[in-house]
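Examining the three-dimensional arrangement
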Amino acid sequence: MNIISNITSPNFSIRKDKEVIDTIIIHYTGMNSSDEAIHRLCDPNAKVSSHYFINRNGLVWQLVEDRKVAWHAGVSKWLGRKNLNETSIGIELCNPGHYNNYSNFTNKQYKSLEFLIKILKQKYFISSDRVLGHSDIAPNRKKDPGEKFNWKRLARENLAIWPKKIITPKNQKRDIEHYLQQIGYDVELNLNYIIRAFKRHFVPRDKSLLINENIVNIAYSVSEEFKKNRSLY
Ligand SMILES: [Zn+2]
């Protein structure tokens with residue numbers, strides 16, 4: 001895969017030595033065109049950026065070097081750790097987003113994204129449970145990459161987590177908040193935000209906030225998959 005590096009963003013800070021890269025955050029740009037998105041990600045006044053940008057044709061730009069901190073995650077928290085910018089790589093996918101004309105991601109985008117994640121996972125020893133969406137780590141503020149993003153496809157290649165089957169918790173309190181916390185979500189936020197973010201990622205067809213037995217089972221199954229994966233590292 002050819003990574004284009006003729007455009008760079010001035011929006012970055014220096015990664016401190018102790019801050020290792022262990023997470024990948026997937027975003028959408030929320031802008032209509034690729035040019036507009038690149039322009040914004042490189043605009044010093046916008047104060048936002050990402051390490052990589054993938055357009056609708058699957059072309060990949062590197063805007064910020066991996067070793068620098070790009071400004072893509074903002075206020076964020078996962079597994080009790082704040083400010084994910086410091087320890088992550090941000091990848092922006094061109095998509096108009098929820099406020100415009102939210103579209104399916106293209107096959108070419110997925111192909112390039114999968115290739116890029118494979119390289120990054122190998123290079124930085126990133127485990128699949130650390131490949132997350134922006135809405136997972138900032139559920140009160142963000143919707144991207146959203147319910148049209150196909151996490152299951154990534155998981156098939158071991159690039160993200162997806163439960164192999166839906167199981168029912170045995171002899172345990174059927175407490176969705178507990179399972180969401182086990183996955184990594186910040187349960188100090190309003191629970192509705194977390195449920196929405198969880199469903200966007202793992203139950204994408206369900207836009208409601210409803211919690212029933214099936215949703216609890218899915219949350220439990222996802223949390224078990226995350227725990228299993230974490231124990232491998
Ligand atoms: Zn984002």
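Okay, so let's go over this structure. The numbering scheme is per chain: residues are counted from 1 as the chain's sequence reads. For this predicted model, a pLDDT threshold of at least 70 governs which residues receive local features, and a threshold of 80 or more governs which side-chain atom pairs are given and counted, while totals over whole chains, interfaces and linings are taken from all residues.

The subject of this paragraph is the overall build of the protein chain. Only runs of H or I of at least four residues qualify as helices and only runs of E of at least two qualify as strands under DSSP, and these elements are numbered from the N terminus. Of regular secondary structure, the protein chain possesses seven helices and 10 strands. Atoms considered for the radius of gyration are the C-alpha atoms alone. The globule rule reads 2.2 Å times the number of residues to the power 0.38. A compact globule built from 233 residues would reach a C-alpha radius of gyration of about 17 Å, and the protein chain, at 17 Å, matches this within 12%. Projected onto its principal axes, the C-alpha positions of the protein chain cover 55 × 40 × 30 Å. Scored against the burial criterion, the 233 residues of the protein chain give a buried share of 41%. Taking as baseline every contact in the protein chain between residues at least 6 positions apart, the subset at least 24 positions apart corresponds to 70%. Burial is judged by counting other C-beta atoms within 10 Å of a residue's own C-beta: 20 or more means buried, 12 or fewer means exposed, and anything between counts as partly exposed, with every C-beta placed from the backbone. We call two residues in contact when the distance between their C-beta atoms, placed using the backbone, is within 7 Å.

Of all the six residues making up strand S9 (residues 88-93), six are buried; the element is thus mostly covered by neighbouring parts of the structure. Burial along S9 is two-sided: the residues Ser88, Gly90 and Glu92 and Ile89, Ile91 and Leu93 are all buried. Two strands pair if DSSP finds at least two bridges between them. Here strand S3 (residues 23-28) runs beside S9; their pairing, made up of six bridges, is parallel. Across the sheet, residue Ile24 finds its bridge partner in S9, namely Ile89.

Here we have six strands laid out as an open sheet, ordered S1-S5-S4-S9-S3-S10, and mixed in their pairing. Strand pairing shows two members of the sheet lacking a second neighbour, strand S1 (3-4) and strand S10 (131-133), which therefore form its edges. Of the pairings in the sheet, the one linking S1 to strand S5 (residues 60-62) comprises two bridges and is parallel in character. Paired with Ile4 across the bridge in S5 is Trp61. Lines fitted to C-alpha atoms define the axes, with helix axes restricted to the stretch in contact, and inter-axis angles between N-to-C directions lie between 0 and 180 degrees. Sitting on the sheet, helix H1 (residues 34-41) touches strand S4 (52-54), S5 and S9, and the angle it makes with S4 is about 170 degrees.

Counting residues in each nonpolar core, the largest one holds 54 residues, and the members touching the most others are Ile24, Phe53, Ile91, Leu93, Phe198 and Ala219. In terms of residue count, the dominant contributor to this core is helix H7 (residues 213-231) (six residues). Beyond its immediate stretch of four places on either side in the chain, Leu93 contacts Ile26, His27, Tyr28, Thr29, Ile54, Phe105, Gln109, Leu113 and Pro145. Put simply, a nonpolar core is a cluster of buried Ala, Val, Leu, Ile, Met, Phe, Trp, Tyr and Cys residues tied together by C-beta atoms within 7 Å.

As a further point, take H7. An expected span of 1.5 Å times one less than the residue number is assigned to each helix. In this model H7 runs 27 Å from its N-terminal to its C-terminal C-alpha over 19 residues, within 8% of the 27 Å that 1.5 Å per residue would give. Burial in H7 covers these residues: Ile215, Ile218, Ala219, Tyr220, Ser221, Val222, Ser223, Glu225 and Phe226.

What follows concerns the pairing of S3. Every regular strand shows the same layout, with side chains that alternate between the two sheet faces. Extensive coverage of S3 is indicated by the burial of six of its six residues. Across three bridges, S3 lies against S10 in parallel orientation. Residue Ile26 lies in a different strand from S10, and its bridge partner there is Gly133.

Here we take up the packing of helix H5 (residues 176-183) against H7. Running from N to C, H5 and H7 cross one another at 30 degrees; their axes reach a closest spacing of 8 Å. By the criterion of interaxial angle, the relationship of H5 to H7 is roughly parallel. When the axes of H5 and H7 are compared, the crossing they make is left-handed. Of the residues in H7, those touching H5 at Ile176, Tyr179, Leu180, Gln182 and Ile183 are Ile215, Val216, Ala219, Tyr220, Val222, Ser223, Phe226 and Lys227. Here the angle decides the label: under 35 degrees means roughly parallel, over 145 means roughly antiparallel, 65 to 115 means roughly perpendicular, and every other value means oblique. Note on convention: the crossing is left-handed when the near helix lies turned anticlockwise from the far helix by less than a right angle, right-handed when the turn is clockwise.

With that out of the way, let us pick up the environment of Arg196. Position of Arg196 relative to the elements: it lies in helix H6 (residues 191-202). Taking the C-alpha atoms as reference, Arg196 lies 35 Å from Asp17; in sequence the two are 179 residues apart.

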